[in-house]
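The primary structure of each chain is shown beneath.
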Amino acid sequence: MGPLVLNNIISENTNLFLAFIIGIGFGFVLEQSGFSSSRKLAGVFYGYDTVVLKVFFTAAITAMLGLLFFSLFGWIDLDLIYINPTYLTSAIVGGIIMGAGFIIGGYCPGTSVCGASIGKIDGIVFVVGLFLGVLIFGLGYNLWDNLYMVKFLGSPKISQSLGLSDGIFALLLILIALAMFTIGEWAERKFPREEY
Amino acid sequence: MKPRVLLALFTIPLGLIIAAVPQNKTKPYRLTADQLLEEVNTRTQYITPEDVADMIVNKDPSLRLIDVRSQEEFEKYSLQGAINIPLSDLLSDKYTDILNQDVKMNVFYSNGTVQSNEAWMITRQLGYTNNYVLEGGVNYWFDAILNPQKPATANSDEEFAKYDFRKSAGQALGGGMAVQFNDNQSASAAAKPVIKAAPKKKKASGGC
Amino acid sequence: MTESKEIKKTRYLNPYIGGVLLGLVLLSANFIAGRGLGASGAIKSTIVATMTTVAPAASERSGFVKEFRESHQGNPMKTWLVFEMLGVVVGGFLSGAIAGRLKFKVEHSPKITSRKRLILALTGGVLFGFGSQLGRGCTSGSALSGMAVLSLGGFITMMAIFGTAFALAYFFRKNWI
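Residues numbered from 1 in each chain as written. Chains lettered and ligands numbered in written order. Predicted model: local features only at pLDDT ≥ 70, side-chain atom pairs only at ≥ 80, totals over all residues.

*Asks:* I would appreciate a short explanation of the overall build of chain C in the present structure.
*Replies:* Helices and strands together make up the secondary structure of chain C, namely eight helices and zero strands. Moving toward the C terminus, one meets the helices and strands of chain C in the order α-α-α-α-α-α-α-α. If you line up chain C on its principal axes, its C-alpha atoms span 75 × 40 × 35 Å. Residue burial in chain C is summarised as follows: out of 177 residues, 55% are buried. Sequence separation of at least 24 residues holds for 53% of the intrachain contacts in chain C that already meet a minimum separation of 6. (Helix = DSSP H or I, 4+ residues; strand = E, 2+ residues; numbered from the N terminus. Buried ≥ 20, exposed ≤ 12 C-beta atoms within 10 Å, placed from the backbone. Contact = placed C-beta atoms within 7 Å.)

*Asks:* Looking at this model, I keep getting lost on the overall build of chain B. Mind explaining?
*Replies:* On a plain count of helices and strands, chain B comes out with nine helices and five strands. Walking chain B from its N terminus toward its C terminus, one meets helices and strands in the order α-α-β-α-β-α-β-α-β-α-β-α-α-α. Every one of the 208 residues in chain B was classed for burial, and the buried ones make up 28%. Long-range contacts, defined here as pairs at least 24 residues apart, represent 67% of the contacts in chain B between residues at least 6 apart.

*Asks:* Help me understand the interface of chain C and chain A, please; the structure alone is not making it clear to me.
*Replies:* Where interface size is quoted, it is often the accessible area lost as the parts come together. Each partner contributes residues to the interface: chain C has 111 residues there, and chain A has 113 residues. When residues of the side of chain C that touches chain A are traced back to their parent elements, those giving at least two are α1 (15–33), α2 (40–54), α4 (63–71), α5 (80–99), α6 (114–134), α7 (139–148) and α8 (152–169) of chain C. Ranked by the residues each element gives to the side of chain C that touches chain A, the list is headed by α1 of chain C, at 18 residues. Here the side of chain C that touches chain A is built from residues that sort into 63 nonpolar, 35 polar and 13 charged. (Nonpolar A, V, L, I, M, F, W, Y, C, P; charged D, E, K, R; others polar.)

*Asks:* Looking at this structure, I do not really get the environment of E75 of chain B. What am I missing?
*Replies:* Among the structural elements, E75 of chain B can be located in helix α4 (residues 71–76). Of the residues examined, E75 of chain B has 10 C-beta atoms within 10 Å and is grouped as exposed.

*Asks:* Mind showing me how you'd approach the interface of chain B and chain A here?
*Replies:* Between chain B and chain A, the residue contacts involve 20 residues of the former and 26 residues of the latter. Of the residues contributing to the side of chain B that touches chain A, the split by class is ten nonpolar, eight polar and two charged.

*Asks:* What exactly am I supposed to notice about the nonpolar core here?
*Replies:* If you look at soluble globular proteins, the nonpolar side chains tend to sit buried side by side. Judged by nonpolar contacts, the single largest core of 118 residues is most densely connected at A60, M64, L67 and A170 of chain A together with L26, L144 and A148 of chain C. Contacts of A148 of chain C, omitting those with residues within four sequence positions, involve A60, A63, M64 and L67 of chain A together with L26 and G36 of chain C. If you look at the next biggest cluster of nonpolar residues, it comprises 26 residues, including I66, M105, F108 and A144 of chain B. (Core = buried A, V, L, I, M, F, W, Y, C linked by C-beta atoms within 7 Å.)

*Asks:* Teacher, can you tell me more about the sheet that holds strand β2 (residues 63–67) of chain B here?
*Replies:* Strand pairing in a sheet is mediated by backbone hydrogen bonds. Such pairs are either parallel or antiparallel. Residue and element names in this part refer to chain B. Taken together, the five strands give an open sheet; going across it, the order is β1-β5-β4-β2-β3, and neighbouring strands pair in parallel fashion. Only two strands of the sheet have a single partner each, and these edge strands are β1 (46–47) and β3 (83–84). Here two bridges tie β1 to strand β5 (residues 131–134), and the two strands are oriented parallel to one another. Among the inter-strand pairings, I47 is bridged to a residue of β5, identified as L134. Together, β4 (105–109) and β5 form the strand contacts of helix α6 (residues 114–125), whose direction differs from that of β5 by roughly 165°. (Pairing = 2+ DSSP bridges. Axes fitted to C-alpha atoms, helices over the stretch in contact; angles between N-to-C directions.)

*Asks:* How should I be thinking about the packing of α7 of chain C against α8 of chain C in this particular structure?
*Replies:* Angle between the axes and distance between the axes: these two values describe a pair of packed helices. Residues and elements named next belong to chain C. Two elements in contact, α7 and α8, have axes whose closest approach is 8 Å; the angle formed by their N-to-C orientations is 125°. Taken together, the axes of α7 and α8 are oblique relative to one another. For α7 against α8, the interelement crossing comes out left-handed. In this structure, α7 uses T139, S142, A143, S145, G146 and M147 to contact α8, whose residues at the interface are G153, G154, F155, T157, M158 and I161. Its residues assigned to classes, the contact of α7 with α8 comprises five nonpolar, seven polar and no charged. (Parallel < 35°, antiparallel > 145°, perpendicular 65-115°, else oblique. Left-handed = near helix turned anticlockwise from the far one by under 90°.)

*Asks:* Whenever I open this one, the confidence of the model for chain C confuses me. Can you help?
*Replies:* Regions with low pLDDT carry predicted coordinates that are not meant to be interpreted in detail. Residues and elements named next belong to chain C. Averaged over every residue, the pLDDT of chain C is 87; residues scoring 70 or more account for 95%. The secondary-structure element of chain C with the lowest mean pLDDT is helix α3 (residues 56–61), recorded at 82, while α1 shows the highest, at 93. Contacts of residues 1–5 to residues separated by more than four positions or lying in other chains number zero contacts, the stretch itself having pLDDT below 50. Model confidence for the complex is summarised by a pTM of 0.77, with the ipTM given as 0.91. (pLDDT = per-residue confidence, 0-100.)

Here's what the structure looks like:
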């Protein structure tokens, strides 16, 4: 019955080791899908390469369906899974700053490490930037800790907030995602760009 | 066939199934039968009426009395400050936060001890801690606290101490008058159950 | 005789397959550890570890370190995310090695210089690093993993990230296309 470590089926150290293995899988898939290339990542914002859209939403749907079905079969206890908390203000402001970082730098933390691992110097520099950014946040914490902590709404689920059941929301998301994929593929045909 | 179409063919039926099937709300048991039997044999779940009376009189904020009888019985008579969670509703979602926590001491009580023990066993198997059973229930409460019998003169000091305490507590709880405690009371209040600082109820951490 | 112009294309995995595989990795993370994937948290761990090593007294007073300690007792480097990120480095390297993509280079649009790209990368990194702390996660942790568990906060952050990037895309287009 999952999650394994929280039900004491595996030890904490095994958990850390498996984290390493999972990370290998994560990095491998990311790089195989082309996420080590900042140009491909930025492509979704200009239409010429919607790999981000496709991989991201397919992964979200797969994992979501997986979790819901596992719960249905009694293989996992969804009450124990970590659900990201919602701090309304900092979620939005942080997201905006990250969005700017994304379009300027062309990477996000996971993909930058991926890019760095195959030798992309811009990836390495992005990672350095990440450290600096976190350091700045930490050093000046008292300046924005108020912003960081306000509007704590707990850990609501989207389905709860919309008043739908998890399953219905999952179906909705699948349909929306497929629609987005269709638009994405149309955009790729309309705005092709050469690789460099 | 285009991958996207293939994906759609796969995910839409799955999505339909998951949308249609009701969620699995079963709560898994955390304790094995052996573990539960061991706890039952050592009677760790009991708390004496004297201890509860003491906590009420001292206005101990960590106490939370839970009446597991039906609503009518609760409205007819209930212990001071108790809330009503009928046994039939015990597993309802709205009570999970009250039953599964490590801040307050929940004490189940019913007329005797059958129903309160039932409540305790169920919640214990789900892994909840800090739930206790009031020894003797309401019936014993009446006899022991509210109408204590004066012990015969030949009995030990301890019996007298108990009697004094019960009388004072009974007065405080029955009539709301100012309480007079004599020093002997401390002897009976000795073995007060401690709130278990939740034995590492494992919570997933995550983020970023 | 006609000559067809070959458009240079790197062979990557089909994105839908990649997505399914990534979803399975995410599912196994939730099944094993009860949490999703992440990235920025490992950076936070490293910074906290550095701060406490370099300036222990000042760090104990820092609100940042205190907030970190609330959810992580013990060594900040002995966390799930740090181990996961080490795995990402190895995994990415393996994939690049197998596909023959291992090469030191600065990937930039022909319309800008290498130097400019690196400056942009640094700026982007600083912004993203800062934002990820405020947003309590990055695209992997908040957006992807958050979506999989239907977290509202994750969803909001994701909308903010992609919305802002789309909105600003026009102004930075010269750097990419």
